[in-house]
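# Tertiary structure, described
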Amino acid sequence: MTSTTTGAPTGVAPPEPTTPATPAAKSRRSGGHLGSYLLVRFLLIFPTIFILVTTVFVLMRATGDPITASLGGRLTRAQLDERIAEAGYDRPILVQYLEYLGNIFRGDFGTTISDNRPVTEVVMTYGAATLELAFYALLVALLVGIPLGRIAAARRDKGVDASLRITGILAYATPVFFAGILLKLIFSVWLGWLPVAGRASTDAQIEIQRNGAGTGLFIVDAIATGDPAVVLDVLEHAILPALALGLLTGGIFLRLVRTNVIGTLSTGYVEAARSRGVNERRLLRQHAWRPALVPIITVIGLQVALLLSGAVLTEKTFEWKGLGFQLVQYLLARDFVAVQGLVVLLAVVVALTNFVVDVIAALVDPRIRY
């Protein structure tokens, strides 16, 4: 009579005992710590800014020295040579570049040639207007793009979806200056509902200068006056520029939200929830929306650069006197020192904004790690 034995088959080594995973092993499996990820992203700001500064410097110097570009034809050759020597533009290009880098590290972005003002002073004077316009435009983009994108995803391949997709394409493809002119023609000229240009009426600006908080942000200063008429005047002037710039970005958000939500709704865990009888509205709200947020947040940061670049045309179209409007004036005056300083400062703002967006995306989705 044969006997049977239980256990591992003869000749097969028993499995090795498992040991608890160490914190380092867990960190490697999860992709790294949040702190190390954010540190790397922060350190990447510096080479990014360095490359941008170098590129702008080379492009500006490719046209010759800024003195001749700005004042050529208005001064004699001897006067030009004297001004060039005073500014140091007769020295080797490498020496100029190294000096320019040193000045930037000290916070000196140059002095404008046309009106002899430090670039930092120009930014302090006009930067608040551009920041205010970018905020309005981003608010319009979020209020238009995200809800319409969710509606399009919830009604995929239906008439509403097709109409919204076409609307998003048109909003994205329309040049911002053309949209601005069209909005002015309809709402200012034909209907007479909204102001044509400017940040506020003359009376409102006088009241803001007299009783405002002095922040440069007209909406904040208008609220500080305590006069509802001044607040309403500022908001009326902001509607058309915000729509012209915000609808451009809103079209991008609409298509992005639709694509990401549809992709999330097709994942396995959402299908499992659907098989358990969870209705589509709850699936969208509780299961599909948050995972779809990560790429949307990332693109929002990238769109800040688009808003700042689009602000140049928007501010010129609506005579919104911010950095974009002033940048056009310096370009017309061929003041390349001012153009160089403003572009570099805007590049720094964009790089810092992208870092903030990376932080938010990492907090929303723990999977984003190095």
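Predicted model, so just to flag it, every value in this text is computed and none were measured.

Parameters and conventions
Residues numbered from 1 in each chain as written. Predicted model: local features only at pLDDT ≥ 70, side-chain atom pairs only at ≥ 80, totals over all residues. Heavy atoms only, no water. Phe/Tyr/Trp six-rings, centres within 6.5 Å; stacked < 30°, edge-to-face > 60°. Buried < 20%, exposed > 50% of the residue type's maximum accessible area, 1.4 Å probe, protein only. Lys NZ or Arg CZ within 6 Å of the ring centre and 35° of its normal. Axes fitted to C-alpha atoms, helices over the stretch in contact; angles between N-to-C directions. Helix = DSSP H or I, 4+ residues; strand = E, 2+ residues; numbered from the N terminus. Parallel < 35°, antiparallel > 145°, perpendicular 65-115°, else oblique. Left-handed = near helix turned anticlockwise from the far one by under 90°. Contact = heavy atoms within 4.5 Å. UniProt positions renumbered as here; feature names shortened; annotations may be inferred.

### Focus: the packing of aromatic side chains
The full count for this structure, using the stated rule, is six aromatic pairs. Consider the rings of F187 and W193, whose centres lie 6.2 Å apart with planes at 45°: the pair is tilted. In this structure F187 comes out as partly exposed when scored by relative accessible area, which is 25%. Cluster of aromatic residues (ring-pair linked, three or more members): F42, F46 and F355. Cation over ring: K184 sits above F318, and NZ or CZ is 5.6 Å from the ring centre. Against the face of F218 rests R199, its NZ or CZ located 3.8 Å from the ring centre.

### As for the packing of helix 3 (residues 45-61) against helix 6 (residues 93-105)
Two numbers describe a pair of packed helices, the interaxial angle and the distance between the axes. Between helix 3 and helix 6, the least distance of the axes is 11 Å, while the angle of their chain directions is 135°. Taken together, the axes of helix 3 and helix 6 are oblique relative to one another. Crossing of helix 3 over helix 6 shows right-handed handedness. Together, F50, V53, T54, F57 and R61 of helix 3 and I93, Q96, Y97, Y100, L101 and I104 of helix 6 make up the contact between the two elements.

### So, unusual backbone geometry
One non-glycine residue with positive phi stands out, namely E319, at about 50°. For E319, the position within the fold is in the loop between helix 14 (280-318) and helix 15 (323-332). The phi torsion at R334 lies on the positive side, around 55°, for a residue other than glycine. Turning to its location among the elements, R334 is positioned in the loop between helix 15 and helix 16 (336-364). By relative accessible area, R334 is classed as partly exposed at 42%.

### Thoughts on the packing of helix 7 (residues 119-154) against helix 8 (residues 159-173)
The N-to-C vectors of helix 7 and helix 8 enclose an angle of 140°; their axes lie 8 Å apart at closest approach. Our classification of the angle between helix 7 and helix 8 gives oblique. In this structure, helix 7 meets helix 8 at a crossing whose hand is left-handed. Residues L148, I151 and A152 of helix 7 lie in contact with helix 8, whose contacting residues are V160, D161 and L164.

### Comments concerning the UniProt feature "transmembrane region" (unreviewed entry) in the protein
The UniProt record annotates "transmembrane region" (unreviewed entry) at residues 38-60, 126-148, 169-193, 238-257, 292-313 and 337-364. With 96% helix and 0% strand, the stretch residues 38-60 has end C-alpha atoms that lie 33 Å from each other. Between the first and last C-alpha atoms of residues 126-148 the distance is 34 Å; the span itself is 100% helix and 0% strand.

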